[in-house]
Amino acid sequence: MANALDYVDWRGDLSFDTAPVNEIDKYIFTCIGKPDYTGIIPADDKTVTVNEAVGSYFATHEDAGDKLGLIASTSTLPMLRKIALSDRFRDIKLSGFINKIVVEKTEQFSALTVFSPDGVKYVSFRGTDDTIVGWKENCELAVKEVVPAQLDAKAYLEWAAATYDGPIIVCGHSKGGNLAVYAACTVSEEIQDRILEVNCYDGPGFMPAFLETDGYKRMQDKITAFVPYVSIVGMLLTQVGRLDVIQASNAGATGHDGFTWDVFRDRFIHCPDLSDASKIFNAAIDEAIADMDSDERRELVEEIFDVLTSTGAFTLSEFSEQSLRKSLELANQFRKAPELRSFLLSLAEKGIKSARNKKSL
């Protein structure tokens, strides 16, 4: 099936006057900010075009290839090369880029504002990057009511609303989707009134208490959670807003990559419901986490990342390059980790139970 890269080939020569912004354009706007544009896209309200930003990025990252990290989509950089040369996207303005990593606080945050030709400002939050600290913060969404990147996202949205006029769409993929929802639900009502949509692309959800907040209740009808037919990441914690299921060429973890989602002309191909596998995983993970108190969850996250950082690696890519001997040592450490072992056994047990229950229906 075709995907968003094919869409750029098909419609890259059409202006937005000829073909207005559609849901594939919105996903591409969300993905533009995935690389690190520090020193390229201004952190203030000054703007550069997509063509200028992408050209400068590849000029300073000549060895970038098609990879942004171990688990990043291999389609992101090819997409940037395509849109930088396309009539449709090349002159879109970008501004307000920020990239922040604070290891001591377990904090990883990045955001960008995209100026859509129809006058809407897209406040786009990047998901988890290749750093181990970024993935630890991602896991802490299941442990803490608020993580540092969520507070960063709220502050960034407040800054963007004060800096730029006009309507706003808040968006993000993966953890970025969670940040988009959190920011939109915690800013003032005045800013919320300017928000047209909140688009969360296969992002993890929230603790149940978040859904009881006044800010969420005001925004819930504007929130759409896009997830692939077989979703894993997007099923973590409690989902928010309206669920929109997308047909994907890849299943399981690889379906998290939005460039594997199927498109037809100028839209995604939508499905009526999630796959049975997603429902089984969702039920199992919810039950396994529900059986753990907050201290047990915290210990589990700390245990996993203490083992990962014991290698001396800063990024997942560096971690993957460890020698076979080091990898075997690491595997042995994981086997000795009691909280992790207990959680995985519980998850497997509850997954089997959920699958049996599903089969008996």
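Calculation notes
- Position numbers for residues count from 1 along each chain, tracking the sequence in the order it is written.
- With the structure being a predicted model, the display of local features is reserved for residues of pLDDT at least 70 and the display and counting of side-chain atom pairs for 80 or more, all residues being used for whole-chain, interface and lining totals.
- The side-chain values count all of the structure's non-hydrogen atoms but skip hydrogen atoms and water molecules.
- Fitted lines through C-alpha atoms serve as axes, helices being fitted only where they are in contact, and the angles separating the N-to-C directions of these axes extend from 0 to 180 degrees.
- In this description a helix means any DSSP run of H or I spanning at least four residues, a strand means any run of E spanning at least two, and both kinds are numbered starting from the N terminus.
- Here the word oblique covers every angle except those under 35 degrees (roughly parallel), over 145 (roughly antiparallel) and from 65 to 115 (roughly perpendicular).
- Any pair of residues with heavy atoms lying within 4.5 Å of one another is described as a contacting pair.
- Ten residue types, Ala, Val, Leu, Ile, Met, Phe, Trp, Tyr, Cys and Pro, are classed as nonpolar, four, Asp, Glu, Lys and Arg, as charged, and the remainder, Gly among them, as polar.
- Here, a strand pair is defined by DSSP locating no fewer than two bridges between the strands.
- The rule is simple: take the accessible area with a 1.4 Å probe, protein chains only, and divide by the maximum for that residue type; under 20% is buried, over 50% is exposed, in between is partly exposed.
- The charge count treats Lys and Arg as positive and Asp and Glu as negative. His and the chain ends do not count.
- Salt-bridge detection follows one rule: a side-chain nitrogen of Lys or Arg within 4 Å of a carboxyl oxygen of Asp or Glu.
- Note: crossing handedness is left-handed where the near helix turns anticlockwise from the far helix by less than a right angle, and right-handed where it turns clockwise.
- Whether two aromatic rings pair depends on their centres lying within 6.5 Å, for rings of Phe, Tyr and Trp, where Trp uses its six-membered ring; planes under 30 degrees apart make the pair stacked, over 60 edge-to-face, and the rest tilted.
- Here, over-ring charges are defined by two tests on the NZ atom of lysine or the CZ atom of arginine: distance to the ring centre within 6 Å, and angle to the ring normal within 35 degrees.
- Any pair of N or O atoms that falls within 3.5 Å is considered a polar contact. Within protein, one atom must be able to donate a hydrogen and the other to accept it, and sequence-neighbouring residues count only if both atoms are side-chain atoms.
- Patches here: salt-bridge-free residues with over 30% relative accessible area, like charges joined within 9 Å, nonpolar side chains (Val, Leu, Ile, Met, Phe, Trp, Tyr) joined within 5 Å.
- Methods summary: accessible areas were calculated by the Shrake-Rupley approach with a probe of 1.4 Å, and residue burial reflects only the protein chains presented.
- To locate a charge, take NZ of a lysine, CZ of an arginine, CG of an aspartate or CD of a glutamate.
- Multiplying 1.5 Å by the residue count of a helix minus one yields the expected span of that helix.

A. Quick peek at the packing of helix α1 (residues 4-11) against helix α4 (residues 76-85). Viewed as axis vectors pointing N to C, α1 and α4 meet at an angle of 10°, and their least axial separation amounts to 10 Å. What the angle tells us is that α1 and α4 run roughly parallel. Each of L5, V8 and D9 in α1 lies in contact with α4, whose residues at this interface are P78, M79, K82 and I83. Looking at the contact of α1 with α4 residue by residue, the classes come out as 5 nonpolar, no polar and 2 charged.

B. The arrangement of the sheet that holds strand β4 (residues 121-125) in detail. Strand order in the open sheet formed by 9 strands is β1-β2-β3-β4-β5-β6-β7-β8-β11, and the pairing between neighbours is mixed. A strand with exactly one partner marks an edge of an open sheet, and here the two such strands are β1 (48-49) and β11 (270-271). Bridge count for strand β6 (residues 195-201) against strand β7 (residues 223-228) is 4 bridges, and the pairing is parallel. Each residue of the ladder has a partner; that of Y201, found in β7, is F226.

C. Spatial organisation of the side chain of D262. Of note, D262 is situated in the loop between β8 (242-246) and β9 (263-264). At 11 Å, R267 is the nearest oppositely charged side chain to D262, a buried residue that forms no salt bridge. In this structure D262 touches M1, A2, I246, Q247, A248, S249, R267, F268 and I269, once residues within four positions along its chain are discounted.

D. Geometry of the environment of D25. Looking at the element boundaries, D25 is found in helix α2 (residues 23-31). The exposure class assigned to D25 is buried, which follows from its relative accessible area of 0%. For the pair D25 and D266, spaced 241 residues apart in sequence, the C-alpha separation works out to 8.3 Å. Once residues lying within four places of it in the same chain are set aside, the contact partners of D25 are Y7, F16, P20, R88 and F89.

E. Region of interest: the packing of helix α6 (residues 148-163) against helix α7 (residues 175-186). One can describe the packing of α6 onto α7 by two numbers: an axis separation of 8 Å at closest approach and a directional angle of 55°. With respect to their mutual orientation, α6 and α7 come out oblique. In this structure, the crossing between α6 and α7 has a hand that is right-handed. Note on element contacts: α7 touches α6 through K175, N178, L179, Y182, A183, A184 and T186, opposite A149, Q150, L151, A153, K154 and L157. In the contact of α6 with α7, the residues fall into 8 nonpolar, 3 polar and 2 charged.

F. Geometry of the pattern of salt bridges. By the definition in use, this model includes 9 salt bridges. Salt-bridge contacts for D44 lead to K46; the nearest nitrogen and oxygen are separated by 3.3 Å.

G. The packing of aromatic side chains, seen in detail. As enumerated under the stated definition, the model contains 23 aromatic pairs in all. Ring plane angle 65° and centroid distance 5.6 Å describe the contact between Y27 and F259, whose orientation is recorded as edge-to-face. With Y27 in helix α2 and F259 in the loop between β8 and β9, the pair connects residues that are 232 residues apart, well separated along the chain. The ring centre of F16 lies 3.9 Å from the NZ or CZ of R88, which sits over that ring.

H. How the structure looks around the side chain of D25. A distance of 3.1 Å separates a polar atom in the side chain of D25 from the backbone nitrogen of N22. Within polar-contact distance, the side chain of D25 engages the side chain of R88 at 2.7 Å.

I. Representation of the environment of P42. Its place among the elements puts P42 in the loop between α2 and β1. Sequence separation of P42 and S95 is 53 residues, and the distance between their C-alpha atoms is 5.8 Å. In this structure, P42 is in contact with T47, V48, S95, G96 and F97, ignoring residues within four places of it in sequence.

J. Examining the pairing of strand β2 (residues 93-102) more closely. In this sheet, β2 lies alongside β1 in antiparallel orientation, the contact comprising 2 bridges. Bridging across to β2, T49 finds its partner in K93. Sheet topology places β2 next to strand β3 (residues 107-115); 8 bridges connect them, and they run antiparallel. Residue I101 lies in a different strand from β3, and its bridge partner there is Q108.

K. Quick look at a negative patch on the surface. Side chains of D13, E52, D87 and D91 sit close together on the surface and give a patch of like negative charge. Topologically, D13 is positioned in the loop between α1 and α2.

L. Quick peek at α7. For α7, which comprises 12 residues, the first-to-last C-alpha distance of 17 Å matches the rise-based estimate of 16 Å (1.5 Å per residue) to within 8%. The element α7 is largely enclosed, with a buried count of 11 among its 12 residues. Regarding α7, the residues found buried are K175, G176, G177, N178, L179, A180, V181, Y182, A183, A184 and C185.

M. Representation of α2 in the model. Among the 9 residues in α2, 9 count as buried, and that is most of the element. Regarding α2, the residues found buried are E23, I24, D25, K26, Y27, I28, F29, T30 and C31. Of the residues flanking the start of α2, the one acting as N-cap is N22, its side-chain oxygen 2.8 Å from the backbone nitrogen of I24.

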